[in-house]
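# Results of the structural survey
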Amino acid sequence: MSVSWRRTAVVVALSGGLLVSPLLGNLAGGELSALPAAVAKPSQDQGADAPRLASVDNFRDVAGTGAGYDAQGSHRVNKGVFYRSNALTPNDADLATLTGLHLGTAFDLRTSGEIAAKPDRLPTGTSYVNISILSGDLSGSMGNLTSPEAAREAMRALNRQFVTGAYERARFADLLTQLADQQGPAVFHCTAGKDRTGWTSYLLLSLAGVDQQTIMNDYLLTNEYSAKSIAATLAQITAAKGAGAAAVYQPLLGVEASFLQAGIDQLTADYGSVDKYLKDGLGLKGQTIEQLKHKLIQK
C-alpha cells in the first residue's frame, strides 16, 4: 500500500469520512445542588424542528423531531437546547438560518488538521470552543485497511476508544461540563457529525432516559441526512482509485449499528452503566450531571 493511500485512510477516518478536499488531494497526489440562575432555554418554538441545511447536511436537534424524544417517565427531551452537526461551513442562506437559532457556543471536536482544512463559519455572537477529542496517530488502525470488514472493525475500535482512552475520556468530560455550564443553545460537531458527535449525543440522550433503540435509530440518521455527501465522496474515490478502493472505505463514510454498539458494549463491560461511566470514567460531578438532565428533560 502506498504512503499516499495510507494517508488517505487516516484522513477519511479522522474526518468521519467527509473531509472531501484533503481526501481528493491525497487521492490525486498520491449534576443538582445549586443550579445556575440562568439555564439554557430552547431557542425556538417547542413544536419547531431544527432546520435542514443544504450546506451543513447533518445539522439536527439532539432532541429529535416533532415533540422531541420520549425521556424519563412521561417527559420529553427539550428541543432547541443542544444541536449536533457536521463541520459548520454554511453558505450565506444557511448562515442566516443558523443566526436565527441564537446559538451561544459552537463546540468543535476536531483535530487541528481538520480545522485548518475546513474552518468553521459561525453566526455573529456565537462563541467558538475547540475540544479535540482524538489524540495520537491513527495510522496503525486506519492506515492499512484491506477490506470493508477491516474498515468496520476500525470504526468499532474508535468507539471503544471513547471508553478506554484516558485522553478521550478527559476531553468528553471537558465537553459535557461546558455543555452543562453553557448559557444558551449550543451546537457540538466534528467533521461528519457521526462518531465523536454521535458518542456525545448517545451520552446526552442516555442521561435524558431515552430508550436505547431510539438512540440507535437517531445515531443511524446520519446515513439519511448525509446520503448525498456520502454518495459524492464514494464517486470521487471510485473515479480516482477504483471501485475496489471505494468498497474498502465505504464503511468509514456513514454509520452502522455495530459501531456505536461496540462503544456501548465496552462501556457496559468497564463501568456497567452510563451513570458510572460519567462519574467514574469521566469524573463528572453530580451537579454537572444534574445540570445536563435539567437542560435536557422537559418538566
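Shown above is the structure to which this text applies.
The following refers to the structure shown. Computed from a predicted model, the values in this text were never measured in an experiment.

This part covers the nonpolar core. In a soluble, globular protein the nonpolar side chains are often hidden away together inside. In this structure, Phe-82, Leu-179, Trp-199 and Leu-278 are the most contacted members of the largest nonpolar core, which totals 56 residues. Residues in contact with Trp-199, not counting those within four places in the same chain, are Asn-159, Phe-162, Val-163, Phe-172, Leu-260, Gly-263, Ile-264, Leu-267 and Tyr-277.

Going residue by residue along strand S3 (residues 105-108), you find Thr-105 and Phe-107 tucked away on one face and Ala-106 and Asp-108 tucked away on the opposite face as well. Each parallel crossover has a hand, and the one from S3 via helix H4 (residues 112-117) to strand S4 (residues 127-130) is right-handed. The pairing of S3 with strand S5 (residues 186-189) spans four bridges and is parallel. The residue bridging Asp-108 from the neighbouring strand is His-189, located in S5.

Before going further, it helps to examine the sheet that holds S3. The strand order across the open sheet built from five strands is S1-S2-S5-S3-S4, with neighbouring strands paired in mixed fashion. With one partner strand each, in any of the chains shown, strand S1 (60-61) and S4 form the two edges of the open sheet. In this sheet, strand S2 (residues 82-85) lies alongside S1 in antiparallel orientation, the contact comprising two bridges. By the bridge assignment, Arg-60 is partnered in S2 with Arg-84.

Let us look at the packing of helix H6 (residues 148-164) against helix H12 (residues 243-253). Close contact between H6 and H12 brings their axes to 7 Å; oriented N to C, the two are set at 25 degrees. In terms of orientation, H6 lies roughly parallel with respect to H12. At the point where H6 passes H12, the crossing takes the right-handed sense. Where H6 approaches H12, its residues Pro-148, Ala-151, Arg-152 and Met-155 are matched on the opposing element by Ala-247, Val-248, Pro-251 and Leu-252. Partitioned by chemical class, the residues of the contact of H6 with H12 number seven nonpolar, no polar and one charged.

What follows concerns unusual backbone geometry. The backbone phi angle of His-102 is positive, close to 55 degrees, even though this residue is not glycine. Structurally, His-102 can be placed in the loop between helix H3 (92-99) and S3. Classification of His-102 by relative accessible area gives exposed; the value is 58%.

With that settled, consider H3. Of all the positions in H3, only Asp-94, Leu-95 and Leu-98 are classed as buried. The buried side chains of H3 occupy one side of the element, clustering within an arc of 105 degrees when seen end-on. Of the exposed residues in H3, the ones pointing more than 90 degrees away from its buried face are Asp-92, Ala-93 and Ala-96. Where H3 begins, the capping side chain belongs to Asn-91, and its oxygen is found 3.3 Å from the backbone nitrogen of Ala-93.

So, on to the packing of H6 against helix H13 (residues 257-271). At their nearest, the axes of H6 and H13 sit 8 Å apart, and the two run at 35 degrees to each other. The interaxial crossing formed by H6 with H13 has right-handed handedness. Across the interface between the two elements, Arg-152, Met-155, Arg-156, Asn-159, Arg-160, Val-163 and Thr-164 of H6 pack against Ser-258, Phe-259, Leu-260, Ala-262, Gly-263, Gln-266, Leu-267, Asp-270 and Tyr-271 of H13.

On to the pairing of S5, then. Here S5 shows two buried faces, one formed by Ala-186 and Phe-188 and the other by Val-187 and His-189. Both S2 and S5 contribute to a ladder of four bridges, which runs parallel. Looking across to S5, one finds that Phe-82 is bridged to Ala-186.

Under the counting rule described, the total for this entry stands at 17 salt bridges. Asp-49 is the salt-bridge partner of Lys-79, the closest N and O atoms lying 2.7 Å from each other. Residue Lys-79 is found in the loop between S1 and S2, and its partner Asp-49 is found in the loop between helix H2 (20-28) and S1; the two are separated by 30 residues along the sequence. Classification of Asp-49 by relative accessible area gives partly exposed; the value is 37%. Sharing partners across several salt bridges, the network here consists of Glu-149, Glu-153, Arg-156 and Arg-160.

How two aromatic rings sit relative to each other is given by the distance of their centres and the angle of their planes. One pass over the structure, following the stated rule, counts six aromatic pairs. Ring geometry for Trp-199 against Tyr-202: centres 4.9 Å apart, planes inclined by 35 degrees, an arrangement best described as tilted. Separated by three residues within a single helix, Trp-199 and Tyr-202 lie in helix H8 (residues 196-207), roughly one turn from each other. Just as Trp-199 is buried, Tyr-202 falls in that class too. Note on Tyr-271 and Tyr-277: the rings are 5.6 Å apart at their centroids and 75 degrees apart in plane angle, and the pair reads as edge-to-face. Among the residues examined, Tyr-277 registers a relative accessible area of 0% and is labelled buried. In textbook terms, an aromatic cluster arises when at least three aromatic residues are bridged by ring pairs, as seen for Phe-162, Phe-172, Trp-199, Tyr-202, Tyr-271 and Tyr-277. Note that Arg-52 overlies the ring of Tyr-225, its terminal NZ or CZ placed 3.8 Å from the centroid. One Lys or Arg, Arg-60, reaches over the ring of Tyr-225 and ends 5.3 Å from the middle of that ring.

Basis of the calculations
Numbering of residues starts from 1 in each chain and follows the order in which that chain's sequence is written. This being a predicted model, a pLDDT of at least 70 is required before a residue's local features are given, and a value of 80 or more before pairs of side-chain atoms are given or counted; all residues contribute to the totals for chains, interfaces and linings. Water and hydrogen atoms play no part in the side-chain values, which are based on all heavy atoms of the structure. To define a nonpolar core, start from buried Ala, Val, Leu, Ile, Met, Phe, Trp, Tyr and Cys residues and group those joined through side-chain atoms within 4.5 Å. Accessible area is worked out with a 1.4 Å probe on protein chains only. A residue is then buried under 20% of its type maximum, exposed over 50%, and partly exposed in between. Two residues qualify as a contact provided that any one of their heavy atoms is within 4.5 Å of a heavy atom in the partner residue. Counting from the N terminus, the helices are DSSP H or I runs at least four residues long and the strands are E runs at least two residues long. Crossover handedness is defined here as right-handed if the route from the first strand over the helix to the second strand goes clockwise, with the strands pointing away from the viewer. When DSSP finds at least two bridges between two strands, those strands are taken to pair. Here the axes come from fitting lines to C-alpha atoms, over the contacting stretch only for helices, and the angles between their N-to-C directions go from 0 to 180 degrees. Roughly parallel means an angle under 35 degrees; roughly antiparallel means over 145; roughly perpendicular covers 65 to 115; every other angle is labelled oblique. Handedness of a helix crossing follows the sense of rotation of the near helix relative to the far helix, less than a right angle counterclockwise being left-handed and clockwise being right-handed. Residues are sorted three ways: Asp, Glu, Lys and Arg are charged, Ala, Val, Leu, Ile, Met, Phe, Trp, Tyr, Cys and Pro are nonpolar, and all the rest, Gly among them, are polar. Throughout, the arc means the angular range of directions from the helix axis out to the C-beta atoms. As used in this structure description, the phrase polar contact means that two N or O atoms lie within 3.5 Å; if the pair is within protein, one of them must be able to donate a hydrogen and the other to accept it, and residues adjacent in sequence are counted only when both atoms belong to side chains. We define a salt bridge as a contact between a side-chain nitrogen of Lys or Arg and a carboxyl oxygen of Asp or Glu at a distance within 4 Å. When the centres of two rings from Phe, Tyr and Trp lie within 6.5 Å, Trp using its six-membered ring, the rings pair. Their planes under 30 degrees apart give stacked, over 60 give edge-to-face, and anything left gives tilted. In our convention, an over-ring charge means Lys NZ or Arg CZ found within 6 Å of a ring centre and within 35 degrees of that ring's normal.

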